[in-house]
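Coordinate inspection notes
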2 protein chains.
Amino acid sequence: MITPRTTSQNGPQPADFTDVRATNLAVVLRFVRENSPCSRADIAASTGLNKATVSSLVADLIDRRLLRETGLTENRVGRPATMLVLDGSPYAAIGIEVNVDYLTAVAVDLKGEELLSWRRSFSGGTASAAQAVAGMAAIARRVVSRMAKEARQVLGLTVAVPGLVDVNGSVRLAPNLGWRDVDLCGDLTKAMRDPGFPVMVDNDANLGALAELRFGPHGGVNDLVYLTGEVGVGSGVIMDGRLRRGGQGYTGEIGHIEIDPGGPLCRCGRHGCLEAMAGIGAVLAPGVPPAELEPELDEVLRRARAGDPEILRILDAVGHNLGKGVAIVANTLNPEVIVLGGYFVTLAPWVHKRAEEEMFRRSIAPGGGGCRLVVSTLGHGAGALGAAARVLDSVDSGRLPALT
Amino acid sequence: MITPRTTSQNGPQPADFTDVRATNLAVVLRFVRENSPCSRADIAASTGLNKATVSSLVADLIDRRLLRETGLTENRVGRPATMLVLDGSPYAAIGIEVNVDYLTAVAVDLKGEELLSWRRSFSGGTASAAQAVAGMAAIARRVVSRMAKEARQVLGLTVAVPGLVDVNGSVRLAPNLGWRDVDLCGDLTKAMRDPGFPVMVDNDANLGALAELRFGPHGGVNDLVYLTGEVGVGSGVIMDGRLRRGGQGYTGEIGHIEIDPGGPLCRCGRHGCLEAMAGIGAVLAPGVPPAELEPELDEVLRRARAGDPEILRILDAVGHNLGKGVAIVANTLNPEVIVLGGYFVTLAPWVHKRAEEEMFRRSIAPGGGGCRLVVSTLGHGAGALGAAARVLDSVDSGRLPALT
């Protein structure tokens, strides 16, 4: 049977015609994830797999402790069925996010329940890539040892990076970290002395989109775009239920789309980029160092709440320009929902409605093509959470932990 | 096993957990399409399906006359194998394109070989939707009767429309045809008195993209964007090997993205839209009626070839503005290739290099993220050809003709 070609990095590249049993195991696992509790008969009826095959697949998943049986249900015609749910108590997925001013780490179980969430300050803007790798390895080792104490096997670790990540997990360019061509996946694996689980690296916006898809309040949505609002502006693109990476892994790079040829100079050397006109830099005084960003922003918010007309004018312009960028996304990708993340969450009371209005005005499809512009409920944690979700996704798509 | 959720309109909507045998039949059909000639053992080895299953599936496909056996090959170890190829001689797929000044029809066989290609002039800009439906039904009936004479069963018919087509095959808006909310799929099915095969309707840019994917010289490309250059400018988006439609079917609507807030008035009432700054309207004198379009364009080309500086300046600006639009596509979707279609093919000698240069300059990923900007080799025929390809795609994804 067909599995779609995926461009998942760092992992096996499933071909169109891949191993049937592994794919069927993943089908059953995903079915139980989405329909738990359910019986073997439910699985057979909904997937078209025959009952003997389902029984064999379920036995395998129980052996791997990915599923477990949970009593009987009487609530049906005929013989009561044994119900199945996700197990996963012996597993953990780890997500790490590196950014200009912090490192975060989260761990979740197979169901996506949070096991831990740590944040420490980090001078990402001035540290070298080697220092960053050492810092990430240190925090990762502490998470792994905590998981070991809980008798959990780590399924994998993903790092979220604000920059261009190619399909091999190399960071081609991360301007705000000052990185260029860093083999982060290789370096981190080495620094962790070959940890025995897959290490993956991905763009923070891509992972934010995965986090929204799995943990956000967007039930049933298959077409979603997530906008980061950190020092940079980027986006992660979900279409037909999957992250779309494009030819080399660089989809969603909307931060330097020209919004106005007469606009201000951007850090990239171009003029009138979305990032320069709608990013956090458009709100603060020019040249604020990363460490000063939070207090400066607090001051802006204080003045906005006090009704300072100059600040309100600036925020209105940011909302307007953000709307222009959002409209480009809506017209090009026709998502069901565009999620504003990062600092846009903080600024939402002043910029959300203005941007939404602009999106509808500029959308060529009636009613914005059905697109809603919403504010993330995951906040700045989306990157690390999405990084952990990336590990769960790879399990769900057939990369199962080995039988022990 | 999982088939990806597709948003194919007018057809069955395969769920995540769909009928296994139908999907497996499609896997085998596609494998033979891509690897013909091949043996049953080749299919089993590459798909992971067991040999007995493959034999049963192949027998079914031979019964449906989708595959046929073709002699033996000795060129292998052991017993010579019977080789399989696509049959499809008893089938045809029909594509029709309606536009401002013409109607075209093509028919292809299961392999995609062209069986006929007709074009007739048509006043799409002034005809009512009902007149257009009557015209399309007339040409379609003639194609069907020609196919009947060749003893071919029609697998389906798709109509390419320059406008917003929703997931039910209704045309929500086709500004250049003057249509709004036309149930084209329903009306045409009725006008053809229930022809006994599926009738589908799709956006011309989407179908152009499908045509490029199946018939264009882009071997192995999975991420492709096709730009129409008719009176309007639109795009069709292929990511990970499939057409991506978005939430309501309106992806790729780039024609009214604002390229310059100070730009000229667009037909849509906005200012500085891509269509107004890089479309065919930016090249011709304002208000040229559709019937005058070709002669006017010929005059422009004559002057360009003669080195008329005013025309060369205009074409240079069109190339520059087209490049801005193309850069937005490249940054947002990171395709491997962007194909310029329609009138852009005619204008290519003057606008292609300029647009490409601009795309690279504005791309945030190094080297344009690997994206190439190329000129279509299918010309204005891409829409109808893609419409026929759409029918073949639906067969390839499991909607097989019934056993007769």
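For the structure itself, consult the block above.
Below, the structure is looked at part by part.

Cut-offs applied
- Residues numbered from 1 in each chain as written.
- Chains lettered and ligands numbered in written order.
- Predicted model: local features only at pLDDT ≥ 70, side-chain atom pairs only at ≥ 80, totals over all residues.
- Heavy atoms only, no water.
- Helix = DSSP H or I, 4+ residues; strand = E, 2+ residues; numbered from the N terminus.
- Rg over C-alpha atoms; globule rule 2.2 N^0.38 Å.
- Buried < 20%, exposed > 50% of the residue type's maximum accessible area, 1.4 Å probe, protein only.
- Contact = heavy atoms within 4.5 Å.
- Areas by Shrake-Rupley, 256 points an atom, 1.4 Å probe, with all protein chains shown as cover.
- Least-squares fit on C-alpha atoms with pLDDT ≥ 70 in both.
- Expected span 1.5 Å × (residues − 1).
- Disulfide = S-S within 2.5 Å.
- Lys, Arg positive; Asp, Glu negative; His and termini not counted.
- Salt bridge = Lys/Arg side-chain N within 4 Å of Asp/Glu carboxyl O.
- Pairing = 2+ DSSP bridges.
- Polar contact = N/O pair within 3.5 Å; in protein donor to acceptor, adjacent residues only side chain to side chain.
- Buried area = accessible area lost by both parts, 1.4 Å probe.

To continue, consider the overall build of chain A. The helix and strand inventory of chain A stands at 11 helices and 16 strands. Relative to the 2.2 N^0.38 estimate, which gives 22 Å for 404 residues, the radius of gyration of chain A is 22 Å and therefore close to what a compact globule would have. Oriented by its inertia axes, the alpha-carbon framework of chain A measures out at about 70 × 50 × 40 Å. Buried positions account for 59% of the 404 residues belonging to chain A. Across chain A, the fraction of contacts at a sequence separation of at least 24, relative to all contacts at a separation of at least 6, is 64%. Carbon together with sulfur atoms contributes 50% to the accessible area of chain A, which is approximately 15,100 Å² in total.

Moving on, we get to the relation of the copies chain B and chain A. Here chain B sits on chain A after a turn of 180° about the axis and a move of 0.0 Å along it, with an RMSD of 0.0 Å. What we have between these two chains is a two-fold relation. A high fraction, 100%, of the interface residues of chain B reappear at the interface in chain A, so the copies pair face to face through one surface.

This part takes up helix α4 (residues 129-149) of chain B. Residues and elements named next belong to chain B. In this model, α4 (21 residues) spans 30 Å end to end at C-alpha, consistent with the 30 Å of a helix rising 1.5 Å per residue. Turning to α4, its buried residues are Ala132, Val133, Gly135, Met136, Ala137, Ile139, Ala140, Val143 and Met147. Where α4 is buried, its residues touch β4 (91-98), β5 (102-108), β6 (114-121), β7 (153-161), β10 (179-182) and α5 (184-191). Ala151 occupies a position one or two residues after α4 and carries a positive phi of about 60°.

Attention shifts here to the state of the cysteines. Where two cysteines share a covalent bond between their sulfur atoms, that bond is called a disulfide. According to the stated counting rule, one finds zero disulfides over all chains in the structure shown. No disulfide involves Cys371 of chain A; its sulfur sits 19 Å from that of Cys273 of chain B, the nearest cysteine. Judged by relative accessible area, Cys371 of chain A falls into the buried class, the value being 2%.

Residues and elements named next belong to chain A. Residue placement: Asp204 occurs in helix α6 (residues 204-215). Despite being buried, Asp204 has no salt bridge partner; Arg267 is the closest side chain of opposite charge, sitting 11 Å away. Not counting the four nearest positions on each side in its chain, Asp204 is found in contact with Glu97, Asn99, Ala160, Val161, Pro162, Gly163 and Thr228.

This brings us to the pairing of strand β4 (residues 91-98) of chain A. Residues and elements named next belong to chain A. With respect to burial, β4 is a largely interior element, eight of its eight residues being buried. Across the two faces of β4 the burial is the same, with Tyr91, Ala93, Gly95 and Glu97 and Ala92, Ile94, Ile96 and Val98 all buried. Pairing between β4 and strand β7 (residues 153-161): seven bridges, direction parallel. Its bridge partner being in β7, Ile96 is matched across the sheet by Val159.

Moving on, we come to the side chain of Arg362 of chain A. For Arg362 of chain A, the position within the fold is in helix α10 (residues 343-362). At 2.9 Å, the side chain of Arg362 of chain A forms a polar contact with the side chain of Glu258 of chain B. When residues no more than four places from it in sequence are discounted, the contact partners of Arg362 of chain A are His320, Lys324, Ala327 and Asn331 of chain A together with Glu258 and Arg270 of chain B.

Before going further, it helps to spend a moment on the sheet that holds strand β8 (residues 164-165) of chain A. Residue and element names in this part refer to chain A. If you walk across this open sheet you meet the three strands as β8-β9-β10, and the pairing is antiparallel. In this open sheet, the two strands that pair with only one neighbour each are β8 and β10 (179-182). For β8 and strand β9 (residues 171-174), the ladder comprises two bridges, and the chain directions are antiparallel. Counted as the bridge partner of Leu164 is Leu173 from β9.

The next thing to look at is the interface of chain B and chain A. Across the contact, 61 residues belong to chain B and 61 residues belong to chain A. Approximately 5,600 Å² of surface area, both sides summed, lies buried where chain B meets chain A, with 58% of it carried by carbon and sulfur atoms. Between Asp240 of chain A and Arg244 of chain B there is a salt bridge; the shortest N-O distance is 2.7 Å. Taken together, the links from chain B to chain A amount to 16 residue pairs in polar contact (both at pLDDT 80 or more).

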